[in-house]
Amino acid sequence: MAAEQTVLVPQLSGHADGRAREPADAPVWRPPRAAGLVLAFGLLAVVGMLSIAVGANHLPLSDVWRVLWHDDRSETAVIVHDLRVPRTLVGLVAGVGLGVGGALAQALTRNALADPGILGVNLGASAAVVAAVSFLGVTTPAGYVWFAMAGAAVAASAVYVLGATGRAAVAPERLVVAGAAFSAVLGAFTYGVAFLDHQTFDRLRFWDVGSLAGAGSSQLGALAPFAGVGLAVAFAIAGPLNAMALGDDAGHGLGVGLVRTRALGVLAIALLCGTATAAAGPITFVGLAVPHVARTICGPDQRWVIAYSAVLAPVLLLAADVLGRVVIAPAELEVGVVTAFVGAPVFIVLCRRARLGRL
Amino acid sequence: MASVAGLPAGGTARVGPAAVGAAAGGLAPRGWVLRDRADRLSLRVDGRSVAVCGALLAVLAAVCVATMITGEYAVSPREVFDSLRGQGSAGTDFVVVTLRLPRLLTGLMVGAALAVSGAIFQTMTANPLGSPDIIGFTAGSATGAVVVILVLHGTVYETSLGAVAGGVVTAVAIYLLSFRRGVAGPRLILVGIGAAAMLTALNSYLITRATLGDAITAQTWLLGSLNRRGWDEVRPLAVAVAVLLPAAACYGRRMSMLTMGGDTAKALGVPVERSRLALLAVGAALASCATAAAGPIGFVALAAPQLARHLARSPGAALLPTALLGALLVASSDLAAQRAFAPTQLPVGVATNAVGGIYLVWLLSRQRRGL
């Protein structure tokens, strides 16, 4: 989170300069983007507090507030500090990772259908988890975390090497096709192994849904720095990505190092989405939908799309998690299920109402 | 490059009757044009497409023969031929006519149907990722079937009915939700993705709440499997494919004009919205019939149109090579899935993903070295 705050500041001030130079009769009026972002941050704070206050145990709000600041090791304090706060932080880190990773994936491939999964991240993580469970006998969710992270990184690198390097002309579509090809092979491996080994399938089906209550919280301290670095890289390449949106040749002409930007982009996606997938399982819809919503609000400028995605994605994820806790309490719905059920109708309505934000 | 990436070249093609099949950049049509004397009928024959189709047919025939004669119970080609003519022994009749032939036919038809459906959706959405598995049509069929398996505990036949019902309901819902003064490509895709996300989440939820045995049954179905497919599955599928594939071929010409954009197509005399609706209906029906017969076999609808376009070097979707390639992909994958870990039979969907994915990786790595 610290990284996010520090990186956002220059973006906000940069915007004030940019708007001063805009002609008075700009063709499309949009609400001030900085104000919208502040509003989104407010929303995130509210949802974050809800996530700490609401759960299967009905704790009085005043008690929650008190023990949040004074950990007196009472039952309430244990629930808040050992269960709800870590879970909220997992949602925050995973949300930032998925939202920003999705925005980067769509910008790099210039494809509105791209999500982090398109670079093989999700299925790379799944394949590594299945291999760890089936061949190495890893059984605790905390043990999956590093396998998932490594699988995501290896898959993203392989997709990058195949799709974006070499002598043939590099095109964003190549990255998409390479990602689809690798995902298919990794999916075949994952589900083939799971089909032959029923014990592994039994574990995979629960990991596959995506949940904030599982592995991530114990490993969060170790995982968060990866996401922080990824976020910093994302903001660093936002400007070059804007230039590349005009096409490779135009971007090159404007002085963008195409190879470097693409490599950094894939690195950032691997770090962000690898962290998110390791912490919360393969959640697919957030990374795809949130950047679309962000573009509808703030227009195609990648610096703003990334900032909005970084705030709105955890809002969606945490709100879905809170809803999943209360809707069939005392049982829980996994966050991956609720995210899709809450997010998809909103997304469909937005697609019908709004003029779709262009890439 | 562009052929693999699936970029429609139609946007820059010259406007006019000859532009329909013309290569990008306004070149004259490739191949030979056959006309009758009065110039009322004409047919353009592209040499490369003919060669590609011939080669695909030859490989397909080889795979079919291999499927029929190998396995736990080896049968010689002559015995297969006798059985097919109805003059074989009871043992070979059972193996050839009751077990292997319906499975092979189901695979061929499912492959062709999925591939053509993929070509239709990819062309309509002008996006290489716009295949029915990604934009929700297959997910609807899958949800229908999973509900029948896990909630209603239905039979195999009822599962197929559930798949068809789920697919049709989803297709209608996606069409209506994305209709707003016409169905534009991007909105159709995004609404479809939203629907797919919800349906997939529902499937995952049902699978986590089921007993392990039921969950494995559902998961096997979700991977796509041709195990134990008999003549009861072949007949309805054959009727559907016999109606839908010619319909797709009829609309193929309009489809290539639609890739030039709605306005250009309208100027060329294509009833745009009616053609889109008809193509969507045919594509969705093909996808849901194929899914009902064999489950949502992955990657065929995504990869077959791309590979066919690459092989035939055609600018738009070439439906005949696409259909042949889809059939070949499923038939050869099923052969591999049956034999690789025998006696355990892998679901064919695992093999289509592996075979198609590895082939695509190989293709990309060849291009990478600049060959």
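Residues numbered from 1 in each chain as written. Chains lettered and ligands numbered in written order. Predicted model: local features only at pLDDT ≥ 70, side-chain atom pairs only at ≥ 80, totals over all residues. Heavy atoms only, no water.

A.B. asks: Please clarify how the overall build of chain A should be interpreted in this entry.
C.D. replies: Scanning chain A for helices and strands turns up 15 helices and 0 strands. In chain A, buried positions account for 55% of the 359 residues. Counted over contacts in chain A with a minimum sequence separation of 6, partners at least 24 positions apart contribute 75%. Total accessible area on chain A stands at roughly 14,300 Å², and carbon and sulfur atoms take up 67% of it. (Helix = DSSP H or I, 4+ residues; strand = E, 2+ residues; numbered from the N terminus. Buried < 20%, exposed > 50% of the residue type's maximum accessible area, 1.4 Å probe, protein only. Contact = heavy atoms within 4.5 Å. Areas by Shrake-Rupley, 256 points an atom, 1.4 Å probe, with all protein chains shown as cover.)

A.B. asks: Looking at this structure, I do not really get the environment of Leu202(B). What am I missing?
C.D. replies: If you trace the backbone, Leu202(B) turns up in helix α7 (residues 185-209). A relative accessible area of 27% means that Leu202(B) is categorised as partly exposed. In this view, Leu202(B) contacts Phe341(A) and Thr143(B); residues no more than four positions away in its chain are not counted.

A.B. asks: How should the packing of helix α5 (residues 121-135) of chain A against helix α8 (residues 198-209) of chain A be read in this particular structure?
C.D. replies: A packed helix pair is summarised by two numbers, namely the angle formed by the two axes and the spacing between the axes. Residues and elements named next belong to chain A. As a packed pair, α5 and α8 sit with axes 10 Å apart at the nearest point and diverge in direction by 145°. As α5 packs across α8, the resulting crossing turns out to be right-handed. Where α5 approaches α8, its residues Ala 125, Ser 126, Val 129, Val 130, Val 133 and Ser 134 are matched on the opposing element by Thr 200, Arg 203, Leu 204, Trp 207 and Asp 208. The residue makeup of the contact of α5 with α8, split by class, is 6 nonpolar, 3 polar and 2 charged. (Axes fitted to C-alpha atoms, helices over the stretch in contact; angles between N-to-C directions. Left-handed = near helix turned anticlockwise from the far one by under 90°. Nonpolar A, V, L, I, M, F, W, Y, C, P; charged D, E, K, R; others polar.)

A.B. asks: Which parts of the structure should I look at to understand helix α4 (residues 75-109) of chain A?
C.D. replies: Structurally, the α-helix is built with 3.6 residues per turn, so residues lying three or four positions apart point the same way. Residue and element names in this part refer to chain A. If you check α4, its first and last C-alpha atoms are 49 Å apart, about what 35 residues at 1.5 Å a residue would give, namely 51 Å. Where α4 bends most, the angle comes to about 30°, and this point is Arg 84, followed within four residues by the proline Pro 86. Where α4 terminates, the next one or two residues include Arg 110, which has phi positive at roughly 50°. (Expected span 1.5 Å × (residues − 1). Bend = angle between axes of the 7 residues up to and from the residue.)

A.B. asks: Would you explain α5(A) in this entry?
C.D. replies: Residues and elements named next belong to chain A. Compared with an ideal rise of 1.5 Å per residue, which puts 15 residues at 21 Å, α5 spans 21 Å between its outermost C-alpha atoms and is within 8% of the ideal. Most of α5 is tucked away: 11 of the 15 residues are buried. Every buried residue belonging to α5 is among Val 121, Asn 122, Gly 124, Ala 125, Ser 126, Ala 127, Ala 128, Val 129, Val 130, Ala 132 and Val 133, and all of these are buried. Downstream of α5 by a residue or two, Gly 137 has a phi angle that is positive, lying close to 70°.

A.B. asks: Please explain the packing of aromatic side chains as it appears in this structure.
C.D. replies: The geometry of an aromatic ring pair is captured by the separation of the ring centres together with the interplanar angle, meaning the angle of the planes. Residue and element names in this part refer to chain A. Counted according to the given criterion, the structure contains 5 aromatic pairs over all chains. Ring centres of Trp 304 and Tyr 308 lie 6.3 Å apart, and the angle between their planes is 45°; on these two criteria the pair is classed as tilted. One end of the pair, Trp 304, and the other, Tyr 308, are both in helix α14 (residues 302-327), 4 residues apart, so they sit about a helical turn from each other. For Trp 304, a relative accessible area of 3% gives the class buried. (Phe/Tyr/Trp six-rings, centres within 6.5 Å; stacked < 30°, edge-to-face > 60°.)

A.B. asks: Can you walk me through the interface of chain B and chain A in this structure?
C.D. replies: It is common to give the size of an interface as the accessible area lost on bringing the parts into contact. Between chain B and chain A, the residue contacts involve 56 residues of the former and 50 residues of the latter. Between chain B and chain A the total buried area reaches about 4,500 Å² when both faces are included, carbon and sulfur atoms providing 78% of it. Our count for the contact surface shared by chain B and chain A stands at 1 salt bridge. A salt bridge links Arg209(B) to Glu334(A), with the nearest nitrogen and oxygen atoms 3.4 Å apart. Scanning the region where chain B abuts chain A turns up 4 residue pairs in polar contact (both at pLDDT 80 or more). Among the secondary structure elements, those contributing two or more residues to the side of chain B that touches chain A are α1 (2-5), α6 (156-178), α7, α8 (212-223) and α14 (348-368) of chain B. It is α7(B) that provides the largest number of residues to the side of chain B that touches chain A, a total of 17 residues. Residues of the side of chain B that touches chain A, tallied by class, amount to 36 nonpolar, 15 polar and 5 charged. (Buried area = accessible area lost by both parts, 1.4 Å probe. Salt bridge = Lys/Arg side-chain N within 4 Å of Asp/Glu carboxyl O. Polar contact = N/O pair within 3.5 Å; in protein donor to acceptor, adjacent residues only side chain to side chain.)

A.B. asks: Where do I start with the pairing of strand β1 (residues 32-35) of chain B in this structure?
C.D. replies: Each regular strand displays side chains that alternate between the two surfaces of the sheet. All names here are of chain B. Strand direction decides the pairing type here: β1 and strand β2 (residues 42-45), joined by 4 bridges, are antiparallel. Bridge pairing links Leu 34 to Leu 43 in β2. Between the end of β1 and the start of β2, which pair antiparallel, lie 6 residues, with Asp 39 showing a positive phi angle near 65°. (Pairing = 2+ DSSP bridges.)

A.B. asks: Explanation requested: the side chain of Thr106(B) in the structure shown.
C.D. replies: Residues and elements named next belong to chain B. With respect to the helices, strands and loops of the structure, Thr 106 is situated in helix α4 (residues 90-125). Judged by relative accessible area, Thr 106 falls into the buried class, the value being 0%. In this view, Thr 106 contacts Leu 226, Arg 229, Val 234, Leu 237 and Ala 293; residues no more than four positions away in its chain are not counted.

A.B. asks: Explanation requested: the environment of Ala224(A) in the structure shown.
C.D. replies: Following the sequence through the fold, Ala224(A) ends up in helix α9 (residues 216-236). Along the primary structure Ala224(A) and Ala213(A) are separated by 11 residues, whereas in three dimensions their C-alpha atoms are 16 Å apart.

A.B. asks: Help me understand the nonpolar core, please; the structure alone is not making it clear to me.
C.D. replies: Looking at soluble globular proteins, one finds that nonpolar side chains tend to be buried together. Counting residues in hydrophobic clusters, the biggest one holds 144 residues, and the most contacted among them are Val100(A), Leu104(A), Ile269(A), Val286(A), Ile306(A) and Leu150(B). Setting aside residues no more than four positions away along its own chain, Leu150(B) makes contact with Leu206(B), Ile207(B), Ala210(B), Asp214(B), Ala215(B) and Ala218(B). Ranked by size, the runner-up nonpolar core spans 63 residues in total, among them Val110(B), Met124(B), Met257(B) and Val282(B). (Core = buried A, V, L, I, M, F, W, Y, C linked by side-chain atoms within 4.5 Å.)

A.B. asks: Would you mind going over a nonpolar patch on the surface with me for this structure?
C.D. replies: All names here are of chain A. A cluster of nonpolar side chains, namely Leu 323, Val 326, Val 327, Ile 328 and Val 342, defines an oily patch on the protein surface of about 360 Å² accessible area. By residue number, the principal contributor to the nonpolar patch is α14, which donates 3 residues. Relative to the helices and strands, Ile 328 resides in the loop between α14 and α15 (335-353). A relative accessible area of 35% places Ile 328 in the partly exposed class. (Patch = residues over 30% accessible without salt bridge, like charges linked within 9 Å, V, L, I, M, F, W, Y side chains within 5 Å.)

A.B. asks: Help me understand the confidence of the model for chain B in this model?
C.D. replies: As a general rule, the predicted coordinates of low-pLDDT regions are not to be interpreted in detail. Residue and element names in this part refer to chain B. Averaged over every residue, the pLDDT of chain B is 80; the share at 70 or more is 88%. Per-residue pLDDT stays below 50 along residues 1-27; that stretch engages in 47 contacts with residues further than four places along the chain or on separate chains. For this predicted complex, the interface score ipTM comes out at 0.70, alongside a pTM of 0.75. (pLDDT = per-residue confidence, 0-100.)

A.B. asks: What is the right way to read the pattern of salt bridges from this model?
C.D. replies: Where charged atoms from two side chains of opposite charge approach closely, those side chains can pair. Under the definition given, this model contains 10 salt bridges over all chains. Connected via shared salt-bridge partners are Arg87(A), Asp321(A), Arg325(A) and Glu332(A).

A.B. asks: Sorry, what's going on with the side chain of Gln219(B) here?
C.D. replies: Note on placement: Gln219(B) falls in helix α8. Not counting residues up to four positions away in its chain, the partners in contact with Gln219(B) are Tyr191(A), Phe201(A) and Ile207(B).

A.B. asks: Whenever I open this one, the packing of α4(B) against helix α11 (residues 272-294) of chain B confuses me. Can you help?
C.D. replies: Residue and element names in this part refer to chain B. With their axes 8 Å apart at the nearest point, α4 and α11 run at an angle of 150° to one another. As for the relative orientation of α4 and α11, their crossing is left-handed in sense. Between α4, through Thr 106, Val 110, Ala 113, Leu 114, Val 116, Ser 117, Ile 120, Phe 121 and Met 124, and α11, the contact on the second element is made entirely by Arg 276, Leu 279, Leu 280, Val 282, Gly 283, Ala 284, Leu 286, Ala 287, Ala 290, Ala 293 and Ala 294. Split into classes, the residues belonging to the contact of α4 with α11 amount to 16 nonpolar, 3 polar and 1 charged.

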